Amino acid sequence: QVQLVESGGGLVQPGGSLRLSCAASTNILSFNVMGWYRQAPGKQRDWVALITKTGVTNYADSVKGRFTISRDNAKNTVYLQMDSLKSEDTAVYYCNGKQIVITPDLDAYEYWGQGTQVTVSS
């Protein structure tokens, strides 16, 4: 079973920075795309950022220009650098990996980490 383990969350003041890490138990190149989602209390889980196997990135409008997703293939780790943090960024952040398996029906598999808490408060 594929495991994703997030780390790096914590308490930070508005305007501060954090770097989240997502360590995978398998070669991250086996994922077609990896990304980050977040969920605040009482809110839905929202997509934040993604990075494809070839390094293409994309971001939600709410974090564009402030967050940067990257990966280290040798370490099987994906990162989320979060700068200029706002109170609205407070949430549990989840790592996500998606695989497409070629079958007659074309199966897609998603894996989730347990999440890491990010709290932005003064």
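It should be emphasised that the depicted structure is a prediction, and the values quoted were computed from it without experimental measurement. (Residues numbered from 1 in each chain as written. Predicted model: local features only at pLDDT ≥ 70, side-chain atom pairs only at ≥ 80, totals over all residues. Heavy atoms only, no water.)

S.K.: Lay out the state of the cysteines in plain terms, naming residues and giving numbers.
M.R.: Under the criterion given, the structure shown has one disulfide. Each sulfur of the disulfide joining Cys 22 and Cys 95 lies 2.0 Å from the other. Taking the torsion about the S-S bond as the criterion, the Cys 22 to Cys 95 disulfide, at about -80°, is left-handed. Of this pair, Cys 22 sits in strand S3 (residues 18–24) while Cys 95 sits in strand S9 (residues 91–101); the two residues are 73 residues apart in sequence, bridging distant segments of the chain. Each member of the pair, Cys 22 as well as Cys 95, carries the same accessibility label: buried. (Disulfide = S-S within 2.5 Å. Helix = DSSP H or I, 4+ residues; strand = E, 2+ residues; numbered from the N terminus. Buried < 20%, exposed > 50% of the residue type's maximum accessible area, 1.4 Å probe, protein only.)

S.K.: Describe the pairing of strand S4 (residues 33–39), and please don't skip the residues or the numbers.
M.R.: In terms of burial, S4 is a largely internal element, five of the seven residues being buried. Of the pairings in the sheet, the one linking S4 to strand S5 (residues 45–52) comprises seven bridges and is antiparallel in character. Residue pairing for S5: Arg 38 is matched across the bridge by Asp 46. Both S4 and S9 contribute to a ladder of seven bridges, which runs antiparallel. The partner of Trp 36 across the bridge, within S9, is Cys 95. (Pairing = 2+ DSSP bridges.)

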